[in-house]
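Letter by letter, the chains look like this.
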Amino acid sequence: MKLVYSPRYLEHENPPEVSGRLKAILSYVERSKLPVKFEEPKKIDEADLLLVHSGRMVDELKERSATERSEPENPFTKKTFEIAKLACGGALRAAEIADDEGFSFALVRPPGHHAGRDFFQGFCYMNNLAFAVRKNQKGRRALIVDFDVHHGNGTQDIFYKDESVFYLSVHQDPHTLFPYRSGFVSENNSHVKNMPLPPGAGDGEFVNAMKEGLKAARKFGPEFVAVSAGFDSYSQDGIAELRVAETKTFSLIGKEIAKLKLPTFGVLEGGYYLPDLGKNVWGFLSAFL
Ligand SMILES: [Zn+2]
């Protein structure tokens, strides 16, 4: 299995979205002698960022990076723009490998699913997964599965009017969690399916929601799958109130997605409980061996 990674992803710090997250995953991979190979992210053209983001926003990100003008949830250093761009390139490389080999995963930071066409927030700068879907879509119908505990409001924003992309998200009810203003059932349409779960929902509810969501998504007739893989629904994570207690749940979600038998790539989103992050990420990945 090929994982896409660059040590440059460690050069960005935004607690709790820290470089230690990737280090924890890498050290688990090493300790467990897992059957993986590492690939470099793809170099991308800045102009291609306009496939998913407005020129205004890209300019703002560059300017903030050059002048280190931070927001509370989104700090900026001189390196921020380049590293965020490299995360888009990581997702794209994973998408390409998935087309050739069936599956790949991008171990990238910063995450992306809260970055919309014209906004960035929630530790996210550019939408890595949306960029890879759009750049590598080639006229195909795409299914995006987002199992991060937070609704991927940026991804929904980018594809909301695009009937060639189905967006399925299982997340904690946004009445009770960031991003608060998006992720409700009332926003659903023929190709957007939000499945909010109440605080306290655990392993069984999560897997059942995913099974039901994937049943609807299958009818859409997708030709490839992109997964926003967040591990912050984990009970020990501390950032939200869903209560996924078992690594096996992430494996079961992976297995349900693998049953579609389509080229599939995953992109790392959230997940902040470092002692078990590697184990949980591998729980998901092992479904695609
Ligand atoms: Zn999250």
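That block above? That's the structure.
As a convention, each chain's residues are numbered from 1 in the sequence order in which they are written. Local features in this predicted model are restricted to residues whose pLDDT is 70 or higher, and side-chain atom pairs enter the listing and the counts only when it is 80 or higher, whereas totals over whole chains, interfaces and linings include all residues. In computing side-chain values, all of the structure's heavy atoms are included and hydrogens and water are not.

Draft legend 1. Representation of the overall build of the protein. Of the regular secondary structure elements, the protein holds eight helices and eight strands. Against the compact-globule benchmark of 19 Å for 289 residues, the protein has a radius of gyration of 17 Å, which places it among compact chains. Accessible area is worked out with a 1.4 Å probe on protein chains only. A residue is then buried under 20% of its type maximum, exposed over 50%, and partly exposed in between. The 289 residues of the protein split such that 61% are buried. Sequence separation of at least 24 residues holds for 77% of the intrachain contacts in the protein that already meet a minimum separation of 6. Per-residue and other accessible areas follow the Shrake-Rupley method at a 1.4 Å probe size, with only the shown protein chains counted as cover for residues. As displayed, the protein offers around 11,300 Å² of accessible surface, 51% of which is attributable to carbon and sulfur atoms. Each helix corresponds to a stretch of at least 4 residues labelled H or I by DSSP, and each strand to a stretch of at least 2 residues labelled E; elements are numbered beginning at the N terminus. The globule rule used here is 2.2 Å times the number of residues to the 0.38 power, and the radius of gyration it is set against is calculated over C-alpha atoms. Note on definitions: a residue-residue contact is assigned when non-hydrogen atoms from the two residues lie within 4.5 Å.

Draft legend 2. Local environment of the sheet that holds strand S8 (residues 264-268). The criterion for strand pairing is that DSSP finds at least two bridges linking the strands in question. Spatial ordering of the open sheet is given by S2-S1-S3-S8-S7-S4-S5-S6, a layout of eight strands whose pairing is parallel. In this open sheet, the two edge strands, each paired with only one partner strand, are strand S2 (37-39) and strand S6 (192-197). Taken over all neighbouring pairs, the strand axes of this sheet differ in orientation by 20° on average, direction set aside. With five bridges connecting them, strand S4 (residues 142-146) and strand S5 (residues 165-172) associate as parallel partners. Bridged to Ala142 within S5 is Val165. Simply put, an axis is a line fit to the C-alpha atoms, just over the touching stretch for a helix, and the angle between two N-to-C directions goes from 0 to 180 degrees. Sheet strands in contact with helix H3 (residues 80-101) are strand S1 (2-4), S2, strand S3 (103-106) and S8, and its direction is about 170° off that of S3.

Draft legend 3. Summary view of the coordination of the zinc ion. Metal-coordinating donors are taken as N, O and S atoms lying within 2.8 Å of the metal, or within 3.2 Å when the metal is Na, K or Ca; because water is left out, some sites can appear incomplete. Those protein atoms acting as donors to the zinc ion are Asp148 (OD), Asp148 (OD), His150 (ND1) and Asp232 (OD), and they sit at 2.0 to 2.8 Å. Angular criteria define each label, namely tetrahedral for four donors with all angles between 85 and 135 degrees, square planar for four and octahedral for six donors with opposite donors over 155 degrees apart and remaining angles between 65 and 115, and irregular for whatever fails these tests. In this structure, the zinc ion is surrounded by four donor atoms whose angles at the metal cover 52 to 151°, and the resulting shape is irregular. Binding-site remark: the zinc ion is held by donors from one chain whose sequence spacing is D-x1-H-x81-D. Each of the two residues, Asp148 as well as His150, counts as buried.

Draft legend 4. Expanded view of the packing of H3 against helix H4 (residues 128-135). Where H3 contacts H4, the two axes come as close as 8 Å, and the packing angle between them is 50°. Classified by the interaxial angle, the pair formed by H3 and H4 is oblique. The element H3 and its partner H4 pack so that their crossing is right-handed. Packed against H3, whose contacting residues are Ala84, Ala87, Cys88, Ala91, Leu92 and Ala95, the element H4 presents Asn128, Leu129, Phe131, Ala132 and Lys135 at the interface. In the contact of H3 with H4, the residues fall into nine nonpolar, one polar and one charged. An angle counts as roughly parallel when it lies under 35 degrees, as roughly antiparallel when it exceeds 145, as roughly perpendicular when it falls between 65 and 115, and as oblique in every other case. For any pair of crossing helices, the crossing counts as left-handed if the nearer helix is rotated counterclockwise from the farther one by less than a right angle, and right-handed if it is rotated clockwise. Under the convention adopted here, Pro, Cys and the residues Ala, Val, Leu, Ile, Met, Phe, Trp and Tyr are nonpolar, Asp, Glu, Lys and Arg are charged, and Gly plus all remaining residues are polar.

Draft legend 5. Expanded view of the packing of aromatic side chains. Think of it this way: a Phe, Tyr or Trp ring, Trp meaning its six-membered ring, pairs with another when their centres are within 6.5 Å, and the plane angle makes it stacked under 30 degrees, edge-to-face over 60, tilted otherwise. All told, the structure shown has 15 aromatic pairs when counted by the stated rule. With 6.3 Å between their ring centres and 70° between their planes, Tyr5 and Tyr9 make a pair best called edge-to-face. You'll find Tyr5 and Tyr9 in the same group, each marked buried. Judged by centre distance (5.3 Å) and plane angle (65°), the ring pair of Phe284 and Phe288 falls under edge-to-face. Since its relative accessible area comes to 15%, Phe288 is described here as buried.

Draft legend 6. The arrangement of the pattern of salt bridges in detail. A side-chain nitrogen of Lys or Arg and a carboxyl oxygen of Asp or Glu constitute a salt bridge if their distance falls within 4 Å. If you walk through the whole model with that rule in mind, you get 20 salt bridges. Its salt-bridge partner being Glu46, residue Lys62 comes within 2.7 Å of it at the nearest N-O pair. With a gap of 16 residues between them, Lys62 in helix H2 (residues 55-67) and Glu46 in the loop between S2 and H2 connect regions that are remote in the sequence. A salt bridge links Asp118 to Arg56, with the shortest nitrogen-to-oxygen separation between them at 3.0 Å. Taken together, the positions of Asp118 in the loop between S3 and H4 and Arg56 in helix H2 put the pair 62 residues apart, joining distant regions of the chain. Members of the salt-bridge network, linked through shared partners, are Lys2, Glu39, Lys42, Arg93, Glu96 and Glu101.

Draft legend 7. Quick peek at H4. Of all eight residues that make up H4, six are buried, and the element is covered over most of its length. All of the buried residues in H4 are Asn128, Leu129, Ala130, Phe131, Ala132 and Val133.

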